[in-house]
Amino acid sequence: MMKFTFEITEVTGEYGHRFPLLSANEFPFIRCQVVPTLPDQYDTVMKALHQRGEYIVTAKGRTDFCIIQAGGTKDGHQLHITQDNYKSIDRAICDCMQAAADFWAIKTSKQP
């Protein structure tokens, strides 16, 4: 898997809620939204996101957040998807989202 680094910004959603946005500095330059969850609401949140058709990524052992693709790319980068490259771009997006989940898990882990 590629190595990814992320720029973190805090964004206000359309309903006034604030959430972290992780923007990948490397291809595919996608933006990943951190969706906070409470452990007792985790299954409900996951079900709702699945019903919306979201591709959801989680970090192993964590039920306090998940990652969804926020749409668009960092700094207007374009993804030129064709029949010849769609599988490699899909793999890059999946890898990037998993890296975002792992990055956020480490960033927010409770250190002794």
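Residues numbered from 1 in each chain as written. Predicted model: local features only at pLDDT ≥ 70, side-chain atom pairs only at ≥ 80, totals over all residues. Heavy atoms only, no water.

**Q** Help me understand the overall build of the protein, please; the structure alone is not making it clear to me.
**A** Helix and strand content of the protein: 2 helices and 5 strands. Its helices and strands in sequence order give the protein the pattern β-β-β-α-β-β-α, from N to C terminus. Against the globule reference of 13 Å for 112 residues, the protein gives a C-alpha radius of gyration of 14 Å, in line with a compact fold. C-alpha extents for the protein along the principal axes are approximately 45 × 35 × 25 Å. Looking at the 112 residues of the protein, the share that counts as buried comes to 39%. Carbon and sulfur atoms provide 52% of the accessible area of the protein, an area that totals close to 7300 Å². In the protein, the 12 positive side-chain charges and the 13 negative ones have mean positions that sit 4 Å from each other. (Helix = DSSP H or I, 4+ residues; strand = E, 2+ residues; numbered from the N terminus. Rg over C-alpha atoms; globule rule 2.2 N^0.38 Å. Buried < 20%, exposed > 50% of the residue type's maximum accessible area, 1.4 Å probe, protein only. Areas by Shrake-Rupley, 256 points an atom, 1.4 Å probe, with all protein chains shown as cover. Lys, Arg positive; Asp, Glu negative; His and termini not counted. Charge placed at Lys NZ, Arg CZ, Asp CG, Glu CD.)

**Q** Would you mind showing me how to read the environment of Gln 98 here?
**A** Structurally, Gln 98 is set in helix α2 (residues 86-107). The exposure class of Gln 98 is partly exposed, given its relative accessible area of 25%. Apart from residues lying up to four places away in sequence, Gln 98 is in contact with Val 57, Thr 58 and Ala 59. (Contact = heavy atoms within 4.5 Å.)

**Q** Where do I start with the side chain of Ser 23 in this structure?
**A** Looking at where Ser 23 falls in the secondary structure, it is placed in strand β2 (residues 18-24). Leave out the neighbours within four places in its chain, and Ser 23 touches Thr 5, Phe 6, Glu 7, Ile 30, Arg 31 and Lys 74.

**Q** I keep staring at the packing of aromatic side chains and nothing clicks. Help me out?
**A** Given two aromatic rings, their pairing is described by the distance between the two centres and the angle made by the two planes. The full count for this structure, using the stated rule, is 2 aromatic pairs. Seen in terms of ring centroids, Phe 6 and Phe 103 are 5.4 Å apart; in terms of plane orientation they differ by 40 degrees. Their pairing is tilted. With Phe 6 in strand β1 (residues 6-12) and Phe 103 in helix α2, this pair connects stretches of sequence that are 97 residues apart. Overall, the relative accessible area of 11% leaves Phe 6 in the buried class. The exposure class of Phe 103 is partly exposed, given its relative accessible area of 28%. A connected cluster of aromatic rings, assembled from ring pairs, spans Phe 4, Phe 6 and Phe 103. (Phe/Tyr/Trp six-rings, centres within 6.5 Å; stacked < 30°, edge-to-face > 60°.)

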